[in-house]
Amino acid sequence: MSVIKSKRGESGMEFLATARKLRLYTVRKTKDFPKRLISTFTSRMINTAYQISDEVKLGNSIYPLNQEEAQVRRNHLMKAVGLCYVFSDYLDDAQELFGIDMKVMEEWAGLVSDEIRLVNALIKKDRERYKNLP
């Protein structure tokens, strides 16, 4: 069954798609960075983008049956949010070092802020959903 485009809401799994977009966007945009920085700065940005994606996937793969499992899930999701903030710092550094086009920076920063917002919303929803687990 289809939903009219104007009436569509945000998917509960949107955080996975956003993490993937961030990862791919990072790989595409960092290939234009100076080659001398690949082993340091560029690889850190790419690795952090992959870590964000990995953490949200790990967290999402856990279906908690008790409070301990819910905490493990929450830990992965909270780590993903923390990594987003680290990635934001890398973006600031990249802007200062390379003078990245503002449209590119807006898109990149938008993906990071969307991921933070989506994962935080999931954490909040999980608190309510799993509060009565043994």
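Keep in mind that what you see is a predicted model, and the values were worked out from it rather than measured.

Draft legend 1. Spotlight on the nonpolar core. Met45, Phe87 and Trp108 are the most contacted members of the largest nonpolar core, which has 31 residues in total. Looking at this core, the elements with two or more residues in it are helix H1 (14-30), helix H2 (38-60), helix H3 (67-98) and helix H4 (102-129). Per element, the largest residue contribution to this core is 10 residues, and it comes from H4. Sequence-distant contacts of Met45, defined by excluding residues within four places in its chain, comprise Thr26, Thr30, Phe33, Phe87, Tyr90, Leu91, Ala94 and Trp108.

Draft legend 2. Up close: H1. Given a rise of 1.5 Å per residue, 17 residues ought to cover 24 Å, and the 24 Å separating the end C-alpha atoms of H1 matches this to within 8%. For H1, the set of buried residues is Phe15, Thr18, Ala19, Leu22, Arg23, Tyr25, Thr26 and Thr30. Residues of H1 that are buried sit in contact with H2, H3 and H4.

Draft legend 3. Representation of the packing of H1 against H4 within the structure. Two numbers describe how H1 lies on H4: the axes approach to 9 Å, and their chain directions differ by 155°. As summarised for this structure, H1 and H4 are arranged roughly antiparallel, according to the angle between their axes. The crossing of H1 and H4 is left-handed. Judged by residue contacts, Glu14, Phe15, Thr18, Ala19, Lys21, Leu22, Tyr25, Thr26, Lys29 and Thr30 of H1 engage Val104, Glu107, Trp108, Leu111, Val112, Asp114, Glu115, Leu118, Val119 and Leu122 from H4.

Draft legend 4. Structural context of the packing of aromatic side chains. For the coordinates displayed, the defined rule picks out 7 aromatic pairs. Between Tyr25 and Trp108 the ring centres are 5.8 Å apart and the planes differ by 75°, which places this aromatic pair in the edge-to-face class. Taken together, the positions of Tyr25 in helix H1 and Trp108 in helix H4 put the pair 83 residues apart, joining distant regions of the chain. With respect to burial, Tyr25 and Trp108 carry one shared label: buried. Here the aromatic residues Tyr25, Phe33, Phe41, Phe87, Tyr90, Phe98 and Trp108 are joined through ring pairs into a cluster of three or more.

Calculation criteria
Residues numbered from 1 in each chain as written. Predicted model: local features only at pLDDT ≥ 70, side-chain atom pairs only at ≥ 80, totals over all residues. Heavy atoms only, no water. Core = buried A, V, L, I, M, F, W, Y, C linked by side-chain atoms within 4.5 Å. Buried < 20%, exposed > 50% of the residue type's maximum accessible area, 1.4 Å probe, protein only. Helix = DSSP H or I, 4+ residues; strand = E, 2+ residues; numbered from the N terminus. Contact = heavy atoms within 4.5 Å. Expected span 1.5 Å × (residues − 1). Axes fitted to C-alpha atoms, helices over the stretch in contact; angles between N-to-C directions. Parallel < 35°, antiparallel > 145°, perpendicular 65-115°, else oblique. Left-handed = near helix turned anticlockwise from the far one by under 90°. Phe/Tyr/Trp six-rings, centres within 6.5 Å; stacked < 30°, edge-to-face > 60°.

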